Amino acid sequence: MKSEEIDSALSAGTYYFSGNEAVAEGAIAAGCRYYAGYPITPSSEIMERISLRFKDVDSVFMQMEDEIASICSVIGAVWAGAKAMTATSGPGFSLMQEGIGYAAFTETPLVIVSIQRAGPGTGQATRVGSGDLMQAKWGSHGDYQIIALSPWSVQEMYDQTIEAFNLAEQYRVPVFLMAEEAVGHLRERVDVGARVEVFNRIKKPGAPPFGTDQADGIPPMPAFGEGEKLLVTGSTHNEVGIRKTDDPGVHSRLVSRINNKILNNRKTIIQSESYGLDDAEVVVVSYGFTARSALFAMDQLRGEGKKVGLLRLKTIWPFADGIIQQIGATAKKIFVPEMNRGQIAGEIVKYATCGVIPYNQTDGEIIHPHQIMKEVRSLL
Amino acid sequence: MARDLEEYLRPEIRSTPFCPGCGHGILMNLILRAIDELQLSMDEMLFVSGIGCAAWIPSPHFNADTLHTLHGRAIAFATGAKMFNPKLKTLVISGDGDLVSIGGNHLIHAARRNIDLTVICANNMIYGMTGGQVASTSPLDALTSTTMEGNVYRPFDLCKLVLGAGAPYVARYSVTQPLSLVKAIEKSLSIKGFTFIEVLSPCPTQFGRRNRYDSPVDMVKMLIESCISREEAEQLTAEELKDKIITGEFSDGEP
């Protein structure tokens, strides 16, 4: 493990940030030294704060000509040795998808923050949604795996941005912070510690940068300018990077490895929080902003003597299959409120051994606690 | 490839991927010759390319850091690498379809920002790798696999385009003008800022055989006859200039 503890970029203390500002500060704390982006509502405040703050920390900020250039220049900077990030929203996230697939296939560690708004299309640019979770997983062509996190508070916008960088560096994979507009524009207190745990990419001069002895291994990653004469390509490549576009074995091994390095480590990657699962008859499975309403609703219902529990998914991808299976052993029903048409409910159905009741709202508004309380009462 | 330049190639590379008669092998040679003349260290160089035949000039052949990217996006990738590590001597080598058609936006913005990159655009006036479709650089009336009755749209003048976007050094030469081209590459590598060289490179396989150039030699002869200097061009009438390609420096990098 190439983990180390470093001084926090901000002095320790309590700050009052918007979610988007906290993302910028989290990135700086994690060691982000290159940011490229393009203006888009509701994520632009991240770029604005980065543009201001990067001057203090000797880092490079580029406002590019579009989101395609943003993601591509981030990949270029990462191979030049940077920890790097971009942030966007709906339409910009769509434009980045080809670059995301390139990053996954070339095992380029980077962080993509998506402040989700109500889609599809241009949709409701200033309104909240949670409709881009499947896109985070499946947005680019071909088979690959990524890691996606779902923050529910401004504190978590800060903490999970740091975590996103660490996961990206550890697994050499694009990591997504899939926040919703409501969290991006929320203002709350954030506690910043004096020290930050960061993971720096592993370097092993001379070792192949695109293959390991293990079928699910993570190769070391050199940078341009280190004399390694690197061959980076988005075409199918062997362990040293030479194009092998007609070799079935090379393609199969590479695609399997970039999937398995995430899936086989999912128990370490996946994080969730449980409330009252032991005796719950109905378990609300929630994530992101909606989980705030779900927690309030659960507390109210518990006060009424109702046996309700809550599972909050902090990691969306890879999916928390194990804990969903466990819930089915004790609970009668799983209730899934989402600001989309059931993207995660569908995933839960794959693993749950009890009934799954989706509750979907796509009107650009948050789901309020009273809505969840009313629905859950009717299930008991 | 001349033997004295073999040290610039990866030892495991034994052949070129280009069709017989393709100009890209000559261009590969000339780029390395310029690097050799300037005594640049390959350890400090980064070669970035997009998708297409010309993108294979550096990747995987050059014995240096190479970044083979997405179609059209080479300059965006190069911008990130160069801005983060300015010590990397960064060359973008790709084709006309890649750099100008799908990637034209990145080209003009990098020129506008005056990013310290050298961009070499191998212009074969057609989409070679995908089977000879019309390009934004194909001449009027050109026969291609998607313009069987002739191209009806005007081609870009790449040098005017990049000049208009503010690049300090812009030049055009053909692979049939190797000495001038090597000098231009050397000059572009010596200038700090965005430098652009359009290199006319014959594609007998996709362009030539559809446009009555019966052999690769005929395409080379056409380039030799068409390419004239800016000075020669000044002596000709508009009618006489119709089928000519004006070569030379269009901006010499002086402030």
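Here the structure is shown first, and the text comes after it.
Just so you know, these numbers come straight off a predicted model, no measurement behind them.

Conventions and cut-offs
- Residues numbered from 1 in each chain as written.
- Chains lettered and ligands numbered in written order.
- Predicted model: local features only at pLDDT ≥ 70, side-chain atom pairs only at ≥ 80, totals over all residues.
- Axes fitted to C-alpha atoms, helices over the stretch in contact; angles between N-to-C directions.
- Helix = DSSP H or I, 4+ residues; strand = E, 2+ residues; numbered from the N terminus.
- Parallel < 35°, antiparallel > 145°, perpendicular 65-115°, else oblique.
- Left-handed = near helix turned anticlockwise from the far one by under 90°.
- Contact = placed C-beta atoms within 7 Å.
- Nonpolar A, V, L, I, M, F, W, Y, C, P; charged D, E, K, R; others polar.
- Buried ≥ 20, exposed ≤ 12 C-beta atoms within 10 Å, placed from the backbone.
- Pairing = 2+ DSSP bridges.

### Brief notes about the packing of helix H3 (residues 67-79) of chain A against helix H5 (residues 97-105) of chain A
Residues and elements named next belong to chain A.
Here comes step 1: At a closest axis distance of 8 Å, the pairing of H3 and H5 adopts a crossing angle of 15°. Considering the angle they form, H3 stands roughly parallel to H5. H5 is crossed by H3, and the crossing has left-handed handedness. In contact with Ile68, Ile71, Cys72 and Ile75 of H3, H5 contributes Gly99, Ile100, Tyr102 and Ala103.
Here comes step 2: Taken together, the residues that form the contact of H3 with H5 break down as 7 nonpolar, 1 polar and no charged.

### Focus: the environment of B:Lys183
All names here are of chain B.
Here comes step 1: Secondary-structure assignment places Lys183 in helix H6 (residues 178-190).
Here comes step 2: In this structure Lys183 comes out as partly exposed when scored by C-beta crowding, with 17 C-beta atoms within 10 Å.
Here comes step 3: The spacing of Lys183 and Ser201 is 18 residues in sequence and 17 Å in space, taken between C-alpha atoms.

### Looking at the pairing of strand E14 (residues 282-287) of chain A
All names here are of chain A.
Here comes step 1: With respect to burial, E14 is a largely interior element, 6 of its 6 residues being buried.
Here comes step 2: The side-chain alternation of E14 yields two buried faces, one formed by Val282, Val284 and Ser286 and the other by Val283, Val285 and Tyr287.
Here comes step 3: In terms of strand pairing, E14 meets strand E15 (residues 308-313) through 6 bridges, oriented parallel. Across the sheet, the residue bridging to Tyr287 is Leu313, located in E15.
Here comes step 4: Sheet analysis places E14 next to strand E17 (residues 333-338), joined by 3 bridges and oriented parallel.

### Examining H5(A)
Given 3.6 residues to a turn, an α-helix orients residues that are three or four positions apart in the same direction.
Residue and element names in this part refer to chain A.
Here comes step 1: With 7 of 9 residues buried, H5 lies mostly within the body of the structure.
Here comes step 2: Of all the positions in H5, only Glu98, Gly99, Ile100, Tyr102, Ala103, Ala104 and Phe105 are classed as buried.
Here comes step 3: Of the surrounding elements, those touching the buried residues of H5 are H3, strand E6 (110-118), strand E9 (174-180) and helix H9 (248-263).
Here comes step 4: Two residues or fewer past H5, Glu107 is found with a positive phi of approximately 50°.

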